[in-house]
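Commentary on secondary and tertiary structure
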Amino acid sequence: MSLAAVRIVLVEPAGGLNLGSVARIMKNLGLRQLVLVNPKCDPLGREARQMAVHAVEVLEAARRVMTLPEALIGCQRAIATTGLDHTSLPVQLEHPRSALPWLLEADSMGRPVASALIFGREDHGLTKTELNHAQRFVRIPTSLEYGSLNLAQAVAICCYELAVWQAGEQSISACGRGESKGTVAEQPNGSASEELASLDMLEGYYQQLESLLLRIGYLYPHTVDSRMEKFRRLFSRAQLSATEVAMLRGILSQMEWALQNVPF
């Protein structure tokens, strides 16, 4: 898949200099899609243009939305970056070099997959609620002495890793990939011929599931967030297809109908 198909999502970027630098590195490495979630600076202001230099068109084409779920509509895969360590998050934190190629891999039928790479705020990154919208998580290894990376630096490192991986794949293809290498057999999803569910489709399922589980007393308001995090992790690992999500939502809808109409 082309690097231009990967969305770079910045959540509430506050500095025009950073924003311009992000646009420049994106154009340097062949990425085109920039999505800004509730930006706190002018993406077309003087500072952003100054740092973008010849990449102003990336800023001009950037899509602005108010929420992270809006930024992910249509995506089937999403990786979030975080500066938190494994003691702060109950998830597997991966090295960018091992995780990011997943955004570029085709599905089990060789079809391109819409994907996103999410970056948080300059001062405190992504909230735990926002991290719930991703399926995998990367942490850029840094010195223990000073581990905080500038937003533009983090974007540059991740974009570079994507570009290096794609260049290697193109080189392999040019030499003849053969039957021994590919991603088809590596797909964990059993529904090999079906299209992966989009993240907005999954989000609708999670909302319906949460509502029903609260209604039947399996979830409680004070524990709903932590419980739903576990459900999200579970279904993210399963890489559900659109058909499977529709089936699961059908089950929930039938349960809702039964609660309303069937005497117990």
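Residues numbered from 1 in each chain as written. Predicted model: local features only at pLDDT ≥ 70, side-chain atom pairs only at ≥ 80, totals over all residues. Heavy atoms only, no water.

Worth spelling out the cut-off: UniProt positions are given in the numbering used here, feature names are shortened, and annotations may be inferred rather than shown by experiment.
You'll find the protein chain entered in an unreviewed UniProt entry as tRNA (cytidine/uridine-2'-O-)-methyltransferase TrmJ, with Leptolyngbya sp. NK1-12 given as the organism. Database annotation for the protein chain, UniProt heading Subunit (unreviewed entry): "Homodimer." Taken directly from UniProt, the Sequence similarities (unreviewed entry) text for the protein chain runs: "Belongs to the class IV-like SAM-binding methyltransferase superfamily. RNA methyltransferase TrmH family."

**Some points on the nonpolar core**
The test is simple: Remark: nonpolar core denotes a set of buried residues (Ala, Val, Leu, Ile, Met, Phe, Trp, Tyr, Cys) joined through side-chain atoms within 4.5 Å. Exposure classes here rest on a 1.4 Å probe applied to the protein chains alone. A residue is buried below 20% of its type maximum, exposed above 50%, and partly exposed in between. Working definition: helices are DSSP H or I runs of at least four residues, strands are E runs of at least two. Numbering for both runs from the N terminus.
Counting residues in hydrophobic clusters, the biggest one holds 38 residues, and the most contacted among them are Ile-8, Leu-10, Leu-34, Leu-117, Phe-119 and Val-155. Secondary structure elements with two or more residues in this core: strand S1 (6-11), helix H1 (16-29), strand S2 (33-37), helix H2 (46-52), helix H3 (56-61), strand S6 (115-119) and helix H7 (151-175). It is H7 that provides the largest number of residues to this core, a total of eight residues. Formed by 34 residues, the second largest nonpolar core is a distinct cluster that contains Cys-75, Leu-126, Val-224 and Leu-248.

**Examining the environment of Val-58**
Put simply, the rule reads: Contacts are assigned to residue pairs that have any heavy atoms within 4.5 Å of one another.
Mapped onto the elements of the fold, Val-58 is located in helix H3. Relative accessible area serves as the criterion here: at 3%, Val-58 is assigned to the buried category. The residues contacting Val-58, other than those within four sequence positions of it, are Ala-23, Met-26, Lys-27, Arg-32 and Leu-34.

**Brief notes about the pattern of salt bridges**
Our working definition: Every case where a carboxyl oxygen of Asp or Glu lies within 4 Å of a side-chain nitrogen of Lys or Arg is listed as a salt bridge.
Summed over the entire model, instances satisfying the criterion amount to eight salt bridges. When the shortest N-O distance is used, the salt bridge between Arg-136 and Glu-94 registers 2.6 Å. Taken together, the residues Arg-136 in strand S7 (residues 136-138) and Glu-94 in strand S5 (residues 93-94) connect sequence positions 42 residues apart. Glu-94 carries the same exposure label as Arg-136, and that label is buried. One salt bridge in this structure joins Glu-161 and Arg-97, with 2.9 Å as the shortest N-O distance. With Glu-161 in helix H7 and Arg-97 in helix H5 (residues 96-99), this pair connects stretches of sequence that are 64 residues apart.

**A short note on the side chain of Asn-132**
In this structure, Asn-132 sits in the loop between helix H6 (128-131) and S7. The exposure class assigned to Asn-132 is buried, which follows from its relative accessible area of 10%. Excluding residues within four positions of it along the chain, Asn-132 makes contact with Glu-229, Arg-232 and Arg-233.

**Things to note about the side chain of Arg-77**
Using the following cut-off: Positive charges come from Lys and Arg alone, negative charges from Asp and Glu alone, with His and the N- and C-terminal ends not counted. N or O atoms within 3.5 Å of each other form a polar contact, as long as, within protein, one can give a hydrogen and the other can take it, and as long as residues adjacent in sequence are counted only when both atoms are side-chain atoms.
Within the secondary structure layout, Arg-77 lies in strand S4 (residues 77-81). Among buried Asp, Glu, Lys and Arg side chains, Arg-77 stands out as unpaired, with Glu-105 the closest opposite charge at 4.8 Å. Of note is the side chain of Arg-77, whose polar atom sits 2.7 Å from the backbone oxygen of Glu-105.

**Structural notes on the sheet that holds S1**
Defined as follows: Note: two strands are recorded as paired if DSSP finds a minimum of 2 bridges between them. Axis definition: a line fitted to C-alpha atoms, limited for helices to the stretch in contact. Angles are taken between N-to-C directions and run from 0 to 180 degrees.
Spatial strand order, S3-S2-S1-S6-S4-S7-S5: seven strands in an open sheet with parallel pairing. The two strands at the open ends of the sheet, each matched to only one other strand, are strand S3 (63-65) and S5. Pairing geometry for S5 and S7, over two bridges, is parallel. Considered in S7, the bridge of Glu-94 is made with Val-138. H1 rests against S1 and S2 of the sheet, and its axis sits at about 160 degrees to S2.

**Thoughts on the packing of aromatic side chains**
For clarity, the threshold we go by: The pairing test for Phe, Tyr and Trp rings, Trp by its six-membered ring, is centres within 6.5 Å, and the orientation test on the planes gives stacked under 30 degrees, edge-to-face over 60, and tilted for anything in between.
A full pass over the atoms with the stated rule returns four aromatic pairs. Cluster of aromatic residues (ring-pair linked, three or more members): Tyr-205, Tyr-206 and Phe-235.

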